[in-house]
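# A look at the structure
Here are the chains, one letter per residue:
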Amino acid sequence: MAWAPPPSAAKLYRPNRFVSLPAELDPATYDTSPEKLRAEAERLAIRSRLKRQYLLQLNDPNPPAIIENPALIRWAYAKSQNVYPTFRPTPKTSFLGAVYGLGPLLFWIFVLKTDRDRKEKRIQEGKLKRSPLSVFF
Amino acid sequence: SEMSKDMMPGPYPRTPEERAAAAKKYNMRVEDYQPYPDDGLGYGDYPMLPNKSQYERDPWYQWDQPDMRHNWGEPMHWDFDMYIRNRVDTSPTVVPWHTMSKHFLLFLSIMLIMFGLGEIYPSYRPVGPKQYPFNDLYLERGGDPNKKPPAVIHYEI
């Protein structure tokens, strides 16, 4: 009888949001197909072009005052100014907005109100020991 | 800064030409470029990079910014400031995460259950009240030395 092959080490490892798969268990490390080599060559070309631009500016005899990093500027712009134009009310965003915006407010209203109502009831029944002088309520 | 509007991030790319232009803008290959899904959450056309922290990058390569392990012009992860080396670290662990969490939660739950049971059903040897000498420390507790103290006998023969 033929058993199924045992689960691969990558499946046994189960990478998730907190840890990633080690390179030794990843089958992509051992993949030497021509597509992968061409992809790596293209990435290397992009990387070297960027590094050349950066090193030219860095070792310039009249260097500019600041070598600004367009990737950093884009990142900051995307996180701050590009959120409002690209936001769109959908069921998911409306639900999330209600949960995060109204949820805590209603929760604390409910908690504080019931707590104070219970305290008021105890004062009316005379059970609560109230000191005559108190700087807190 | 003096970067033109088409160099800045924009809305979600819909046509393949927009995707190619966005990939070129972010200095990525067209095949590598994968924007966040268009949920209306405000990501726009920013690329979705793998969620790996800067700890996982090669420490021996000559990065342009060695402390950030980041090269000039390389697209930064959306959560870049979370994945720096002082903060979240997603490096692979020696023991898989599910094994670690299972061991930890088992240990914690067993210890808490045992402590709880010990609180509900305490068990110790039988004890009685402490017996003090010298008539229950009559003089030490401020008794009058001229008066005869009340006799306190703790034994029976």
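On a predicted model such as this, the values are computed, not experimentally measured, just so you know. (Residues numbered from 1 in each chain as written. Chains lettered and ligands numbered in written order. Predicted model: local features only at pLDDT ≥ 70, side-chain atom pairs only at ≥ 80, totals over all residues. Heavy atoms only, no water.)

### Details of the overall build of chain A
Tallying secondary structure elements over chain A gives five helices and zero strands in all. In sequence order, the secondary structure elements of chain A are arranged as α-α-α-α-α. Here the C-alpha radius of gyration of chain A, 31 Å, is well above what a compact globule of 137 residues would show, namely 14 Å. Principal axes of the C-alpha set define a box for chain A whose edges measure 85 × 75 × 35 Å. Counting only carbon and sulfur atoms, one obtains 65% of the accessible surface of chain A, whose full area is about 11,600 Å². Considering chain A, the positive charge centre built from 23 side chains and the negative charge centre built from 12 side chains are found 9 Å apart. (Helix = DSSP H or I, 4+ residues; strand = E, 2+ residues; numbered from the N terminus. Rg over C-alpha atoms; globule rule 2.2 N^0.38 Å. Areas by Shrake-Rupley, 256 points an atom, 1.4 Å probe, with all protein chains shown as cover. Lys, Arg positive; Asp, Glu negative; His and termini not counted. Charge placed at Lys NZ, Arg CZ, Asp CG, Glu CD.)

### Some points on the side chain of B:Asp64
With respect to the helices, strands and loops of the structure, B:Asp64 is situated in the loop between α1 (16-25) and α2 (97-120). Judged by its relative accessible area of 16%, B:Asp64 is buried. Side-chain polar atoms of B:Asp64 contact the backbone nitrogen of B:Trp72, separated by 2.9 Å. Those residues within four positions of B:Asp64 in sequence are excluded, and the remaining contacts are A:Lys51, A:Tyr54, B:His70, B:Asn71 and B:Trp72. (Buried < 20%, exposed > 50% of the residue type's maximum accessible area, 1.4 Å probe, protein only. Polar contact = N/O pair within 3.5 Å; in protein donor to acceptor, adjacent residues only side chain to side chain. Contact = heavy atoms within 4.5 Å.)

### Considerations on the UniProt feature "transmembrane region" (unreviewed entry) in chain B
Here the UniProt feature "transmembrane region" (unreviewed entry) sits at residues 104-124 of chain B. Counted over residues 104-124 of chain B, helix gives 81% and strand 0%. Its end C-alpha atoms are 30 Å apart. (UniProt positions renumbered as here; feature names shortened; annotations may be inferred.)

### What about the environment of A:Gln124?
If you trace the backbone, A:Gln124 turns up in helix α5 (residues 91-125). A:Gln124 sits 86 residues away from A:Arg38 along the chain, and the two C-alpha atoms are 81 Å apart.

### Description of the UniProt feature "transmembrane region" (unreviewed entry) in chain A
Following the UniProt record, the feature "transmembrane region" (unreviewed entry) maps to residues 94-112 of chain A here. Annotation note: span residues 94-112 of chain A, helix share 100%, strand share 0%, distance between end C-alpha atoms 27 Å.

### Details of the domain arrangement of chain A
Considered domain by domain, chain A is made up of domain 1 (22-87) and domain 2 (89-128). Look at where the C-alpha atoms of domain 1 of chain A and domain 2 of chain A centre, and you get two points 48 Å apart. (Domains from an automatic or database assignment.)

### Some details on the interface of chain A and chain B
Facing 42 residues of chain A, the contacting portion of chain B comprises 49 residues. Here chain A and chain B share an interface that buries about 4,000 Å² over both sides, 57% of which is from carbon and sulfur atoms. Linking chain A with chain B are six salt bridges. Here A:Lys51 makes a salt bridge to B:Asp64, at a shortest N to O gap of 2.7 Å. For the pair chain A and chain B, the number of links is 21 residue pairs in polar contact (both at pLDDT 80 or more). When contributions to the side of chain A that touches chain B are tallied by element, the ones reaching two or more residues are α1 (9-13), α2 (34-58), α3 (70-80), α4 (83-86) and α5 of chain A. Considering each element in turn, the side of chain A that touches chain B owes the most residues, eleven residues, to α2(A). Residues that form the side of chain A that touches chain B fall into these classes: 21 nonpolar, nine polar and twelve charged. (Buried area = accessible area lost by both parts, 1.4 Å probe. Salt bridge = Lys/Arg side-chain N within 4 Å of Asp/Glu carboxyl O. Nonpolar A, V, L, I, M, F, W, Y, C, P; charged D, E, K, R; others polar.)

### Focus on a nonpolar patch on the surface
Judged by side-chain polarity, B:Leu106, B:Ile110, B:Ile113, B:Met114, B:Leu117, B:Ile120 and B:Tyr121 come together as a nonpolar surface patch covering roughly 760 Å² of accessible area. For B:Leu117, a relative accessible area of 40% puts it in the partly exposed group. (Patch = residues over 30% accessible without salt bridge, like charges linked within 9 Å, V, L, I, M, F, W, Y side chains within 5 Å.)

### Some points on the pattern of salt bridges
Tallied over the full model, the rule gives 14 salt bridges over all chains. For B:Arg29, the salt bridge identified is with A:Glu42, shortest N-O distance 2.8 Å. With B:Arg29 in the loop between α1 and α2 and A:Glu42 in helix α2, this pair bridges two chains. Under the relative-accessibility criterion, B:Arg29 is labelled buried at 11%. Among the salt bridges present, the one from A:Arg43 reaches B:Asp32, with a minimum N-O distance of 2.8 Å. Here the residue A:Arg43 occupies a position in helix α2, and B:Asp32 occupies one in the loop between α1 and α2, the pair thus bridging two chains. With relative accessibility at 30%, the residue A:Arg43 sits in the partly exposed group. Several salt bridges share partner residues, and in doing so they unite A:Glu40, A:Glu42, A:Arg43, B:Arg29, B:Glu31 and B:Asp32 into one network.

### Digging into the nonpolar core
Ranked by internal contacts, the top residues of the largest apolar core, which has 14 residues, are B:Tyr33 and B:Tyr46. Listed by contribution, the elements that provide at least two residues to this core are α3 of chain A together with α1 of chain B. Those residues in contact with B:Tyr46 that lie beyond four places of it in its chain are A:Arg74, A:Trp75, A:Ala78, B:Tyr26, B:Pro35, B:Tyr36, B:Met76, B:His77 and B:Trp78. (Core = buried A, V, L, I, M, F, W, Y, C linked by side-chain atoms within 4.5 Å.)

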